[in-house]
Amino acid sequence: MSTQKTDHNFLSRAMIFTILSVFVLAAVLPFLYMLSLSLQGDADLFSGKVVIIPETLHFENYLTIWEKAPFARFILNSFIIAGGITILHVIFDPIIGYVFAKMDFPGNKIMFAALLATLMIPFFIRLVPLYVLTAKMGWLDTYQGLIMPFAMSGFGIFLMRQFIMPIPDDLIDAARIDGASELRIFIDIILPQLRPALATLVLLTFVFQFNEFLWPLVAVSSETMRPITTGLTLFNQEFFTQWNLTAVGGMLLFLPCLILFVAMQRYFVSSVMMSGMK
Amino acid sequence: MTYRTRRTLTAYALLAPAILYFSVYFAGPILIEFWASLRSGQPMIGQSEFAGLDNYAEILRDRLAHKSMVATLVYAIGSTVITLVFALGLSAILSGPVRAKNTIRAIIFFPYIVSFVIGALMWKSILDPYSGLLNSGLLYLGLEPQNWLADPSRALYVLIGVSVWKDVGYATLIYIAAIQGIPDQLYDAARIDGAKPRHLFRDITLPLLMPTTLFLAVVVMIAHLQEISLPYLMTGGGPANSTRLYSLHVYETAFKDFDLGYASALSFAMFVMILLITWIQFKLLHRDIRHT
Amino acid sequence: MLRKNLKVTLLAATAAVFGMNSASAETLRVYFNAGHAYETYLEVIEQFEADNPGWDVAFEKFQWPDMRTKIVADFAASNPPDLLAEPGGWVPEFAQKSLIMPLTKYIDADGKDMGFPSDWQDGSVTRNTINGEVYGVQIHQTCATLVYNKDLLSEAGYDAPPTTWEEFRDVAKKTSKPGVFGFAPNPSFGYIFPFIYQNGGDWYDAETKQMTFGSPETQEAVQFLGDMIHKDKSAPPPVAGSDYEGPQRLFTAGRAAMIITGPWDVNAIRTGNPDLNWGVAPSITGEKQATIAGGVSLMIPKDAKHPDMAWELIKRLTAVDVEVASALQYGMTMPRKSWLANPQIGADPILSGFGECLAYAKGVNDEISHAGLYSSAVEETFKGAIDEVLYSGASAADLLPDAEKEANRLLTR
């Protein structure tokens, strides 16, 4: 356990308790709501009444989705796509963030500005050219076609840069004088200190991509390549969303993200900070 | 080869994959969009002809675009500021001695990982003027029920609230990660020097969180300036176009109206505005802390 | 079994990485609405595959807005499906942009046998005819009309649904009580049009090619609903949003005495409240009797790889026995005259109720789309002004003429 970094003596315990209660309550609500929806029958959905705890719990909803669509395949697709993208981000974003944070070279500022600029055009505006490009590459309806457009992100690189910047330069300079290569410095000095940042990157990238809808919607053209998000729309009616089954799918989107969060959680606490300083 | 040249070469070698990737997947498509923004007709889909700056001139006359631009600024600034203030407070609390803090951290992150399609439905149902929990609560307390989302003067603020609710866990997560990254020695040294506990946060944590604050301010603001799913799922842009955020306007121009030329022009106008706002944020928040 | 499934899944996934999706059979790609994947249609497709060995039908299902996004990208990449369904308005739009093909040669060859166009309601044919050529075949045809709660009306002293504006307004007032609204309006754009048409107004004039929703008739219609909300308090402001569920939910829960809707709500009402005593009434009459039409047409993109096979499938999907079976099972109304004349349909009070309004129903976007002038900006400009009346209690006379001017400016783009 690391040293406490903030002290609460100045805030009364009661106040902290109140603040946390409000946020925790607001945060569990959607989960409980999703759980309730996922157990409702069609009659509950259409009744027009507010159903909080359904009279009959329709556990069969959790079976229906497997019967109505190739859901195992949707789940597998979601994991391959979001997992593949996350791995690429972990490989590329930190090292590029390091170059921007700690290396002086002509063009650093301009290229960093260009990188930020990539965040400023909404994705859907690139959608059509991106689709034409992917079609020309013959990658429609393939995993690489779904993964490659998200292989790196300005967001991830920017995040890494901001986490690397506070790491003292003395360490890096000392290593450079000793003749260490930049890659070595990155691996030996920077990476060990980036654990909380990497955990954040993994979590945010995976969650975001796991829930991505628009690109799989257009780049997939067969039912078996759909991820969970676009697969779920198969259950809907022309003018109605089949909310109970959508909520079951929502649970399937939620649980892996929660497990990942719990798995990453320890890296937020047990970072071996600055061991090289001593 | 001088040391400097060698380092420049190393830097570019390390950047090479990124340069390749961003050229193919960003620069290319964006250049095509720019080409489209200078054309009328059906650029990219069918016939089109060169139209100079006509599409850009149209933005000046497009009343809906102006209305949505104002709504977007209010929405983005409001939700970014509130999200960051809440997140900073929460991360300060959760980095300290709190019971069950790991569980609380996980729970606070829920709204970000629950599919937003469900989250939006939940809020619509809670805010429903006739059967929603919120109005039932108001009635119970003897207060007047409100038309939350069906009131053009209020709907946008409701969306700000929902967006804060959704993003605060994510911003808190990043702040906590950053606080964990601050060397313990700095605190130990300050304590030995006799610093009071309450000053530790102000004098050490807060300044060292500047890069993170800058990051969050920039990233959250950019995301909010491009927000589309919230109005798309909750209000459809109404009532009376009061929640028609700019991206929704662009999206409908592109995909409902097949007008990719004008939609591209609209996005470049937005791009310039985001660039300006981001530049201001850097000027305000950027401190060179490499040598602290 | 599970293990076998998993193995097949993994194998297929591996194949997908290397882009080796099965290429042995010819594939006919079809985009359809997810809510319209009726068993009856799936059977037609199964039979089609059986009759055409070596052919696979890839039946891809989407929500309409998702399909719209996908099809825009598909057109840009010249990669459209062979057969495309649409929710109304897309046929004239795509025809004018030369994105879909005229069906003339197919109709010349097969029209007589299949009964097209003679057996289709006139409106469903003219809607899909652009510059004298047919570009689409209607498969579903719907209209929205008055749906009412018999118990709530008789409680208030009415044994029949209203037939005129005055009666409608009175019934709405009398059936309103705490927790119950006389009429629950729908927030979607089209649902103000029954009143506009009934009052002799419109939003677009095909002769002058101008927007005309600033007219006194249209003002009066919008104000009529605005007054019911703000003066009579017999109707709630529509719950904002892009979904259709609000009025149906209030109606099903017995909290709205009347709504205007189409056959798609039948199953939802029956499922949500099987005991509800409700009926379908003819549309009310102002200057005239009128309401809005909707429905689905099928079309073949110009770059389709297998247009001939797509046409074969269209013929089978729109056969009258398929229509009758689908209607009876799913409560959908259909465009063929012989469908409406079918005794089984006539025996169903709900279906025949919704079938009746087809005759005087009009598509909101039909004329403006035929002129190639529809845009969401024009729609939003009008809708913005309507919303100000319905939500904020503004006066229609103050807002609509100005909004009309702006919309006409947008038309000249």
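Residues numbered from 1 in each chain as written. Chains lettered and ligands numbered in written order. Predicted model: local features only at pLDDT ≥ 70, side-chain atom pairs only at ≥ 80, totals over all residues.

Caption draft 1: Examining the interface of chain B and chain A more closely. Each side of the interface is counted separately: chain B has 88 residues, and chain A has 79 residues. The leading source of residues in the side of chain B that touches chain A is helix α1 (residues 3–37) of chain B, at 17 residues. Counted by class, the side of chain B that touches chain A contains 60 nonpolar, 21 polar and seven charged residues. (Contact = placed C-beta atoms within 7 Å. Helix = DSSP H or I, 4+ residues; strand = E, 2+ residues; numbered from the N terminus. Nonpolar A, V, L, I, M, F, W, Y, C, P; charged D, E, K, R; others polar.)

Caption draft 2: Molecular detail of the pairing of strand β6 (residues 137–143) of chain C. All names here are of chain C. Within β6, seven of the seven residues are buried, which leaves it mostly tucked inside the rest of the structure. Here β6 pairs with strand β13 (residues 291–299) via six bridges, running antiparallel. Residue pairing in the sheet places threonine 142 in a bridge with glycine 294 of β13. (Buried ≥ 20, exposed ≤ 12 C-beta atoms within 10 Å, placed from the backbone. Pairing = 2+ DSSP bridges.)

Caption draft 3: Representation of the interface of chain A and chain C. Listed as interface residues are 34 residues of chain A and, on the opposing side, 38 residues of chain C. Mapped by element, the contributors of at least two residues to the side of chain A that touches chain C are α2 (42–46), α4 (71–102), α6 (123–136), α7 (143–147) and α12 (214–219) of chain A. Examining the composition of the side of chain A that touches chain C, we find that five residues originate from one element, α6 of chain A, more than from any other. Considered class by class, the residues forming the side of chain A that touches chain C number 17 nonpolar, eleven polar and six charged.

Caption draft 4: Summary view of the nonpolar core. In this structure, Tyr131 of chain A together with Met258 of chain C are the most contacted members of the largest nonpolar core, which totals 304 residues. Take this core: its biggest share by element is 17 residues, from helix α8 (residues 155–180) of chain B. Not counting residues within four places of it along the chain, the set of residues in contact with methionine 258 of chain C comprises Leu146, Val147, Tyr148, Val171, Ala172, Gly182 and Phe183 of chain C. (Core = buried A, V, L, I, M, F, W, Y, C linked by C-beta atoms within 7 Å.)

Caption draft 5: Quick look at helix α10 (residues 182–193) of chain A. In this model α10 of chain A runs 16 Å from its N-terminal to its C-terminal C-alpha over twelve residues, within 8% of the 16 Å that 1.5 Å per residue would give. Those residues of α10 of chain A that fall on the buried side of the exposure criterion are Glu182, Ile185, Phe186, Ile190 and Gln193 of chain A. An end-on view of α10 of chain A places all buried positions within 95 degrees of arc, on one side of the element. The secondary structure elements touched by the buried residues of α10 of chain A are α4, α8 (154–164) and α9 (169–177) of chain A together with α1 of chain B. (Expected span 1.5 Å × (residues − 1). Arc of directions from axis to C-beta.)

Caption draft 6: Just the pairing of strand β3 (residues 83–86) of chain C, in detail. All names here are of chain C. Every second residue of β3 is oriented toward a common face, with Leu83 and Ala85 on one face and Leu84 and Glu86 on the other, all of them buried. Sheet topology places strand β1 (residues 26–33) next to β3; two bridges connect them, and they run parallel. Bridge pairing links valine 30 to leucine 83 in β3. Alignment of β3 against β13, held across three bridges, turns out to be antiparallel. Directly across from leucine 84, in β13, lies its bridge partner methionine 299.

Caption draft 7: Layout of the confidence of the model for chain C. Residues and elements named next belong to chain C. Residues of chain C with pLDDT of at least 70 account for 93%, and the chain-wide mean is 90. Per-element confidence in chain C is highest for helix α9 (residues 193–198), whose mean pLDDT is 97, and lowest for helix α1 (residues 2–17), whose mean pLDDT is 53. Low pLDDT, under 50, characterises residues 18–23; the stretch is placed with seven contacts to residues that sit more than four places away or in other chains. This prediction of the complex comes with two scores: 0.90 for pTM and 0.87 for ipTM. (pLDDT = per-residue confidence, 0-100.)

Caption draft 8: Spatial organisation of the packing of helix α19 (residues 376–392) of chain C against helix α20 (residues 396–411) of chain C. Residue and element names in this part refer to chain C. For the pair α19 and α20, the least separation of the axes is 9 Å and the interaxial angle reads 170 degrees. In terms of orientation, α19 lies roughly antiparallel with respect to α20. Facing α19, whose interface residues are Ala377, Val378, Thr381, Phe382, Gly384, Ala385, Glu388 and Val389, α20 presents Ala396, Leu399, Leu400, Ala403, Glu406, Ala407, Leu410 and Leu411. (Axes fitted to C-alpha atoms, helices over the stretch in contact; angles between N-to-C directions. Parallel < 35°, antiparallel > 145°, perpendicular 65-115°, else oblique.)

Caption draft 9: Representation of the environment of valine 85 of chain B in the model. Residue and element names in this part refer to chain B. Within the secondary structure, valine 85 sits in helix α3 (residues 63–94). Looking at valine 85, the number of C-beta atoms within 10 Å reads 13, which means it is partly exposed. Residues valine 85 and alanine 171, 86 residues apart in the sequence, show an inter-C-alpha distance of 9.7 Å.

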